[in-house]
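Listed here are the chains, written in short residue letters.
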Amino acid sequence: MVTSKWLVRLTRHCSSWSIAQRQTQRTQTWVSQQTYAEYQQSLPIILDKGLTDFSFSPELCDRLRKFTAYNVGSGKQIRGLLTMSACDALMQPEQKQELREKMFVLAWTAEMLHAFFLVTDDMEDGAKTRHGQTCWHLLPDVGKYAVTDTGMFRSFISEILRIYFGKEVVYTKLVDIFNETYFKTHIGQFIDSTFCSNRQYLSFTQEKYALVSALKTSFYTFQFPVLLGLALNNKYSDKAYKLVESIGSDVGLLLQMKNDYLDLYGDEIVEGKTGTDIQEGKCSLPAVIAVRLSNGYQKKIFLENYGRWEDKCVDQIRNLYNDLQIQKICINEETQLYNSICQRINNLPKDSIPPGHLFTKLVNEIYNLKNINYDVKP
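Because the structure is predicted, anything quoted here is derived from the model rather than measured.

Caption draft 1: Local environment of the overall build of the chain. Of the regular secondary structure elements, the chain holds 17 helices and 2 strands. When burial is assessed residue by residue, the chain has 53% of its 378 residues classed as buried. The long-range fraction of contacts in the chain, counting pairs at least 24 apart against all pairs at least 6 apart in sequence, stands at 79%. Carbon and sulfur atoms form 54% of the exposed surface of the chain, whose accessible area is close to 18000 Å².

Caption draft 2: Quick look at helix α8 (residues 171-197). For α8, spanning 27 residues, the distance from its first C-alpha to its last is 39 Å, which sits close to the expected 39 Å at 1.5 Å a residue. On the buried face of α8, the contacting elements are α6 (100-125), α7 (146-165), α9 (206-232) and α12 (277-280). Arg 199, located one to two residues past α8, shows a positive phi value of around 55°.

Caption draft 3: Highlighting the nonpolar core. One finds Phe 153, Phe 165, Phe 204, Phe 302, Tyr 306 and Tyr 321 to be the most contacted residues of the largest nonpolar core, which totals 112 residues. With residues near it in sequence (within four places) discarded, Tyr 321 still touches Leu 264, Tyr 265, Ile 278, Pro 286, Ala 287, Ala 290, Phe 302, Tyr 306 and Ile 326.

Caption draft 4: Structural view of the packing of aromatic side chains. By the definition in use, this model includes 20 aromatic pairs. Residues Tyr 39 and Trp 108 carry aromatic rings whose centres are separated by 4.2 Å and whose planes lie at 15° to one another, so their mutual orientation is stacked. Taken together, the positions of Tyr 39 in helix α3 (residues 33-50) and Trp 108 in helix α6 put the pair 69 residues apart, joining distant regions of the chain. Taken as a pair, Tyr 39 and Trp 108 share a single burial class, namely buried.

Caption draft 5: Local environment of the pattern of salt bridges. Under the definition given, this model contains 19 salt bridges. Glu 159 is paired through a salt bridge with Arg 162; the nearest N and O atoms lie 2.6 Å apart. Here Arg 162 and Glu 159 lie together in helix α7, a separation of 3 residues that amounts to about one turn. Among the residues examined, Arg 162 registers a relative accessible area of 37% and is labelled partly exposed. The closest approach of N and O atoms between Arg 344 and Asp 250, which form a salt bridge, is 2.6 Å. With Arg 344 in helix α16 (residues 326-346) and Asp 250 in helix α10 (residues 238-265), this pair connects stretches of sequence that are 94 residues apart. Connected through shared salt-bridge partners, Asp 121, Asp 192, Lys 216, Glu 280 and Lys 282 make up one network.

Caption draft 6: Molecular detail of the confidence of the model for the chain. Averaged over every residue, the pLDDT of the chain is 87; residues scoring 70 or more account for 88%. Overall, residues 1-15 carries pLDDT values under 50, and its contacts beyond four positions in sequence, including any with other chains, amount to 12 contacts. Low pLDDT, under 50, characterises residues 370-378; the predicted model gives this stretch 20 contacts beyond four residues in sequence or across chains.

Caption draft 7: Representation of the environment of Ile 187 within the structure. Here Ile 187 lies in helix α8. Residues Ile 187 and Lys 216, 29 residues apart in the sequence, show an inter-C-alpha distance of 7.3 Å.

Caption draft 8: Just the packing of α3 against α7, in detail. Between α3 and α7, whose axes approach to 9 Å, the crossing angle comes to 90°. As the angle between them shows, α3 and α7 are arranged roughly perpendicular. Facing α3, whose interface residues are Ile 45, Ile 46, Leu 47, Lys 49 and Gly 50, α7 presents Phe 156, Glu 159, Ile 160, Ile 163 and Tyr 164. Grouping the constituent residues of the contact of α3 with α7 by class yields 7 nonpolar, 1 polar and 2 charged.

Caption draft 9: Representation of the side chain of Ser 213. For Ser 213, the location among the structural elements is in helix α9. Taking the relative accessible area as the measure of exposure, Ser 213 reaches 1% and is therefore buried. Those residues in contact with Ser 213 that lie beyond four places of it in its chain are Ser 218, Gly 252, Leu 253 and Gln 256.

Caption draft 10: Examining empty space enclosed by the protein more closely. Counted by the stated rule, this structure contains 2 cavities of 30 Å³ or more. In this structure, the largest cavity occupies an estimated 90 Å³ of space. Forming the boundary of the largest cavity are 13 residues, of which Asn 71, Val 119, Asp 122, Arg 130 and Trp 136 lie nearest the centre. Of all the secondary structure elements, the ones that give two or more residues to the lining of the largest cavity are α4 (58-71), α6 and β2 (133-134). Looking at the lining of the largest cavity element by element, the count peaks at 4 residues for α6. Looking at the lining of the largest cavity, its residues break down into 6 nonpolar, 5 polar and 2 charged. Taken as a whole, the second largest cavity encloses approximately 40 Å³ of empty space.

Caption draft 11: Main features of helix α15 (residues 311-323). Across its 13 residues, α15 extends 18 Å between first and last C-alpha, which sits within 8% of the 18 Å expected from 1.5 Å per residue. Elements that come into contact with the buried residues of α15 comprise α10, α12, α13 (285-293), α14 (296-305) and α16. Note on α15: the residue one or two positions beyond its end, Gln 325, has a positive phi of about 55°.

Caption draft 12: Broad picture of the environment of Thr 194. Along the polypeptide, Thr 194 turns up in helix α8. Taking the relative accessible area as the measure of exposure, Thr 194 reaches 28% and is therefore partly exposed. Through-space distance from the C-alpha of Thr 194 to that of Lys 282 is 9.6 Å; in sequence the pair is 88 residues apart.

The rules behind each value
Residues numbered from 1 in each chain as written. Predicted model: local features only at pLDDT ≥ 70, side-chain atom pairs only at ≥ 80, totals over all residues. Heavy atoms only, no water. Helix = DSSP H or I, 4+ residues; strand = E, 2+ residues; numbered from the N terminus. Buried < 20%, exposed > 50% of the residue type's maximum accessible area, 1.4 Å probe, protein only. Contact = heavy atoms within 4.5 Å. Areas by Shrake-Rupley, 256 points an atom, 1.4 Å probe, with all protein chains shown as cover. Expected span 1.5 Å × (residues − 1). Core = buried A, V, L, I, M, F, W, Y, C linked by side-chain atoms within 4.5 Å. Phe/Tyr/Trp six-rings, centres within 6.5 Å; stacked < 30°, edge-to-face > 60°. Salt bridge = Lys/Arg side-chain N within 4 Å of Asp/Glu carboxyl O. pLDDT = per-residue confidence, 0-100. Axes fitted to C-alpha atoms, helices over the stretch in contact; angles between N-to-C directions. Parallel < 35°, antiparallel > 145°, perpendicular 65-115°, else oblique. Nonpolar A, V, L, I, M, F, W, Y, C, P; charged D, E, K, R; others polar. 1 Å grid on protein atoms, 1.4 Å probe; cavity = no way out; pocket = protein on both sides within 12 Å on 5 of 7 lines; lining within 4 Å. Points joined across faces, edges and corners; volume = space filled by probe spheres on them.

Here it is, written out as structure tokens:
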């Protein structure tokens, strides 16, 4: 039974949600609407508890609150929602109330880790907007202090984990999962940046693309939340890890393909960010396909114009993509990968851990992201 006092607090908190949070609340199907509302309401409580030992510095507390308010939870919230979905799918019914608060903590720390990577990635890429607002590092009172902010915020995530789980057996495993996620994602970002900086664009291959996706996107987006769910429910094992790694890497590749498509063909107003993969020389799906299909003359155009910021160079690449029908091919390859993942999930044994229905929900949520509006047929 939900008390009237709880409803008053929840109503007040929900009234402060951003447009993106309201959109997510309306469209997400990972968890119940009540669970989502309670999850949103839990963030201020988690922050208060995490900042308990820093009351000696009001300025520090204000800074961390501001960083969190500006950067956390304003996007699709895939990682937080998936963490809750994984925890819920793996829980015994009698555990659900007992583990509810801990589930929210892990979901928010997953979103906080995502925010950490987005801010550092925006700094490295020189991005201007994220989720429809000015990037953190470009705010007047941030600038060069963004480096300190991100380092401090990463440590704050660790502090929250220590406060909530430090005295529990699961704590060591959670720390290991977070550390593996930081390390692999940074490796993926390094490889991605290296591919851009060495300008060896004709060496772009599907294998290199899959490697960057597995390390930069797949692990911390899909494997990481599911591993958190396994750990919280005491079901973490080498066998479960390998299954999560195997299917999660392909689901991450599916999301990366969507992200690359949206960077090129998405609506900037809808996406809330400017697409810059062409200008940055990214090893993106359209670029990989272009290298694979181009003739000698087209490869020359690609080399002369890719990875440049001049409008005329970007237009040359877009025209080349149109000539090669890149948009249609991207959709076809995405559909093929989706069908392949579904077949693998259908072949899982009924008693698999994690269960097949969790993977099914995961891949369908990604494949049917509501803000994708293709205007060509596969």
